[in-house]
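These are the residues of each chain, in order.
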Amino acid sequence: KLFEELLLEYGLVQFGRFADENGEFVPFKLNLDWMVSYPDVLNAAAFDVQDHFRFHNKTIYQFERILCSVEALPVATLVSASTGIPLVYSRGQGEPAVLDLIGAYDINHPTLMLTTMDSVSQGWQLQADAHRVGLHVIYSLTLVEDFVPLENTPREYGRSGSIIDIITLSQLAANSAY
């Protein structure tokens, strides 16, 4: 099954009326952190990450490192294990980059950054932190998000790479019975 079908089937995305962290109501709730309990969802997400590059006639092997937020760690681990590309992840605890980033890396490694919708706003900071220690993020994939144009990247975080989503919220809504 497709990633978006599995998200809906297992209730990892729910439609209704939910309060967000600011107390405002939103029409959906996304539970991507539950993916660890559903191996087929994790596998579908990891497949979609790799399939993204095949679809665009690119290779995932152009990257020497995969960088991810802690929220994307389960999927990034599967992608790393299946491709042999070493993984670096953020603990997400707000420490200086040299203490926050876990994994072996050196300067100027071409890097793929993986985030989730829950962590895309921190993705800009993660990219900036990676740059400070020499990781060169040239491409960013978000597992579930609406497209964020690269030109909207805050200037202080740089504008290298491309930002692409695997599945958008509008696609999820179109595939649901909502």
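Refer to the structure above for everything that follows.
Anyway, here's the lowdown on the structure attached to this text.

### Some details on the overall build of the protein chain
On a plain count of helices and strands, the protein chain comes out with six helices and eight strands. When the helices and strands of the protein chain are read in sequence order from the N terminus, they spell out α-β-β-α-β-α-β-α-β-β-α-β-β-α. Residue burial in the protein chain is summarised as follows: out of 178 residues, 44% are buried. As displayed, the protein chain has an accessible area near 9100 Å², and 53% of this comes from carbon and sulfur atoms.

### Overview of the packing of helix α2 (residues 39-55) against helix α3 (residues 73-83)
Contact pair α2 / α3: the axes reach a minimum separation of 9 Å and the direction vectors enclose 60 degrees. As summarised for this structure, α2 and α3 are arranged oblique, according to the angle between their axes. Note on packing geometry: the crossing formed by α2 with α3 is right-handed. Only Pro 74, Val 75, Leu 78, Val 79, Ser 82 and Thr 83 of α3 make contact with α2, whose side of the interface consists of Leu 42, Asn 43, Ala 45, Ala 46, Val 49 and Gln 50. Residues belonging to the contact of α2 with α3 are distributed by class as follows: eight nonpolar, four polar and no charged.

### Observations concerning α3
Turn by turn, an α-helix covers 3.6 residues, leaving residues three or four places apart pointing in a common direction. When α3 is considered as a whole, its buried residues turn out to be Val 75, Ala 76, Val 79, Ser 80 and Thr 83. Mapping the buried residues of α3 onto a view down its axis gives an arc of 135 degrees, with all of them on the same face. Looking one or two residues past α3, Gly 84 carries a phi angle of roughly 80 degrees, positive in sign.

### Considerations on unusual backbone geometry
In the Ramachandran plot, Asn 108 falls in the positive-phi region, its phi being about 65 degrees despite a non-glycine side chain. When you line up the elements, Asn 108 lands in the loop between β5 (101-102) and β6 (110-115).

### Concerning the nonpolar core
A general feature of soluble globular proteins is that nonpolar side chains tend to end up buried together. Core analysis: the largest hydrophobic core is formed by 30 residues, its most contacted members being Met 35, Val 49, Ile 60, Ile 66, Val 75, Leu 112 and Leu 114. Those elements that place two or more of their residues in this core are α1 (3-9), α2, β3 (65-68), α3, β6 and β7 (136-144). Looking at this core element by element, the count peaks at seven residues for α2. Here Met 35 is in contact with Phe 3, Leu 12, Val 41, Leu 42, Val 75 and Leu 143, once residues within four sequence places are set aside. In this structure, Val 88, Leu 101, Leu 126 and Val 133 belong to the second largest nonpolar core, which totals ten residues.

### Quick notes on the packing of aromatic side chains
What the rule picks out here adds up to two aromatic pairs. Note on Phe 63 and Tyr 139: the rings are 6.2 Å apart at their centroids and 50 degrees apart in plane angle, and the pair reads as tilted. One end of the pair, Phe 63, is in the loop between α2 and β3; the other, Tyr 139, is in strand β7, and 76 residues separate them in sequence. What makes Phe 63 buried here is its relative accessible area of 3%. The class of Tyr 139 is buried, set by a relative accessible area of 7%. A cation over a ring is seen here: Arg 17 above Phe 25, with NZ or CZ 3.9 Å from the ring centre.

### Some thoughts on the environment of Ile 102
Counting through the fold element by element, Ile 102 comes out in strand β5. Through-space distance from the C-alpha of Ile 102 to that of Arg 91 is 7.2 Å; in sequence the pair is eleven residues apart. Those residues within four positions of Ile 102 in sequence are excluded, and the remaining contacts are Leu 87, Val 88, Tyr 89 and Arg 91.

### Digging into the side chain of Ser 90
With respect to the element layout, Ser 90 can be found in strand β4 (residues 87-90). By relative accessible area, Ser 90 is classed as buried at 7%. Separated by 2.9 Å, the side chain of Ser 90 and the backbone nitrogen of Gly 92 make a polar contact. Ignoring any residue separated from it by four or fewer positions in sequence, one finds Ser 90 in contact with Cys 68, Ser 69, Val 70, Asp 100, Leu 101 and Leu 126.

Quick notes on the rules
- Residues numbered from 1 in each chain as written.
- Predicted model: local features only at pLDDT ≥ 70, side-chain atom pairs only at ≥ 80, totals over all residues.
- Heavy atoms only, no water.
- Helix = DSSP H or I, 4+ residues; strand = E, 2+ residues; numbered from the N terminus.
- Buried < 20%, exposed > 50% of the residue type's maximum accessible area, 1.4 Å probe, protein only.
- Areas by Shrake-Rupley, 256 points an atom, 1.4 Å probe, with all protein chains shown as cover.
- Axes fitted to C-alpha atoms, helices over the stretch in contact; angles between N-to-C directions.
- Parallel < 35°, antiparallel > 145°, perpendicular 65-115°, else oblique.
- Left-handed = near helix turned anticlockwise from the far one by under 90°.
- Contact = heavy atoms within 4.5 Å.
- Nonpolar A, V, L, I, M, F, W, Y, C, P; charged D, E, K, R; others polar.
- Arc of directions from axis to C-beta.
- Core = buried A, V, L, I, M, F, W, Y, C linked by side-chain atoms within 4.5 Å.
- Phe/Tyr/Trp six-rings, centres within 6.5 Å; stacked < 30°, edge-to-face > 60°.
- Lys NZ or Arg CZ within 6 Å of the ring centre and 35° of its normal.
- Polar contact = N/O pair within 3.5 Å; in protein donor to acceptor, adjacent residues only side chain to side chain.

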